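# Fold and contact review
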Amino acid sequence: GASAYHWRYNIPELARDYHVFAFCKLGLGLSSKPVQEYSAEVWRDQTADFLSEIVQKPATLAGNSIGGFTSLYAAATEEVKHLVAGVVLLNGAGGFRDSSAPAKEEETSNAV
């Protein structure tokens, strides 16, 4: 999967004018890969925790591919909305649904 390493050329340029933080989502890139269920909620919560516990001030979240989706999902989290100054999506990907939401009828009717 993608990692913070993909940002290796961007980070030094951005750091000329901004305080830059970068991390790999659990199970991707250079992070640990524990055997567990990975979900949009896991990555959302990891991002929200990073923002509130490490960054601790309003920031612009940027993410590539599923990281873009994760940034957007975290930004919508009530607990950290006050810490999100903006969101940048690069090659945004994602199609997760809330795992606690009931399945839509077409999802259940297409089950094999």
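Structural notes, computed from the coordinates.

Conventions and cut-offs
Residues numbered from 1 in each chain as written. Predicted model: local features only at pLDDT ≥ 70, side-chain atom pairs only at ≥ 80, totals over all residues. Heavy atoms only, no water. Helix = DSSP H or I, 4+ residues; strand = E, 2+ residues; numbered from the N terminus. Buried < 20%, exposed > 50% of the residue type's maximum accessible area, 1.4 Å probe, protein only. Contact = heavy atoms within 4.5 Å. Expected span 1.5 Å × (residues − 1). 1 Å grid on protein atoms, 1.4 Å probe; cavity = no way out; pocket = protein on both sides within 12 Å on 5 of 7 lines; lining within 4 Å. Points joined across faces, edges and corners; volume = space filled by probe spheres on them. Salt bridge = Lys/Arg side-chain N within 4 Å of Asp/Glu carboxyl O. Patch = residues over 30% accessible without salt bridge, like charges linked within 9 Å, V, L, I, M, F, W, Y side chains within 5 Å. Areas by Shrake-Rupley, 256 points an atom, 1.4 Å probe, with all protein chains shown as cover. Phe/Tyr/Trp six-rings, centres within 6.5 Å; stacked < 30°, edge-to-face > 60°. Lys NZ or Arg CZ within 6 Å of the ring centre and 35° of its normal.

Take the side chain of T70 next. By the element assignment, T70 lies in helix α3 (residues 66-75). Residue class for T70 comes out buried when judged on its relative accessible area of 2%. Excluding residues that lie within four positions of it along the chain, T70 makes contacts with K25, W43, R44 and T47.

Bringing helix α2 (residues 40-55) into the picture now. Look at α2: 21 Å from first C-alpha to last across 16 residues, which is about the 22 Å you get at 1.5 Å a residue. Buried within α2 are the following residues: A40, E41, W43, R44, T47, A48, L51 and V55. Each element contacted by the buried residues of α2 is listed here: β1 (59-64), α3 and β2 (84-90). One or two residues past the end of α2 sits Q56, with phi positive at roughly 60°.

The subject of this paragraph is the layout of surface pockets. The calculated volume of the largest pocket comes to roughly 980 Å³. Lining of the largest pocket is provided by 35 residues; of these, F21, T60, L61, A62 and G63 occupy positions nearest its centre. Broken down by element, the lining of the largest pocket gets its largest block of residues, six residues, from β1.

Attention shifts here to unusual backbone geometry. With a phi close to 60°, Q56 is a non-glycine residue in the positive phi region. Looking at the secondary structure, you find Q56 in the loop between α2 and β1. Assessed through its relative accessible area of 56%, Q56 is described here as exposed. The residue S65 is not glycine, and still its phi comes out positive at about 55°. Given a relative accessible area of 28%, S65 falls into the partly exposed group.

Time to look at the pattern of salt bridges. Under the counting rule described, the total for this entry stands at three salt bridges. Of the charged contacts in the structure, one is a salt bridge between E13 and R16, with a shortest N-O distance of 3.4 Å. Since its relative accessible area comes to 44%, E13 is described here as partly exposed.

For the rest of this paragraph, the subject is a nonpolar patch on the surface. The grouping of L72, V87 and L89 at the surface amounts to a nonpolar patch, some 230 Å² of accessible area in total. Position of L72 among the secondary structure elements: in helix α3. Residue classification places L72 among the partly exposed residues on the basis of a relative accessible area of 46%.

It is worth spelling out the packing of aromatic side chains at this point. In this structure the tally under the stated criterion is four aromatic pairs. A ring pair is formed by F21 and F50, whose centres lie 6.1 Å apart and whose planes are at 80°; its orientation type is edge-to-face. With F21 in the loop between α1 (10-14) and α2 and F50 in helix α2, this residue pair connects regions lying 29 residues apart in the sequence. Residue classification places F21 among the partly exposed positions, given a relative accessible area of 32%. When the centroid spacing of 6.3 Å and the interplanar angle of 15° are considered together, the rings of Y38 and W43 count as stacked. Classification of Y38 as partly exposed rests on a relative accessible area of 28%. W43 sits in the buried class, given a relative accessible area of 9%. Taken together, the ring pairs in this structure connect F21, F23 and F50 into an aromatic cluster. Taking NZ or CZ as reference, K25 lies 5.8 Å from the ring centre of W43, over its face. Note that R44 overlies the ring of Y73, its terminal NZ or CZ placed 4.8 Å from the centroid.

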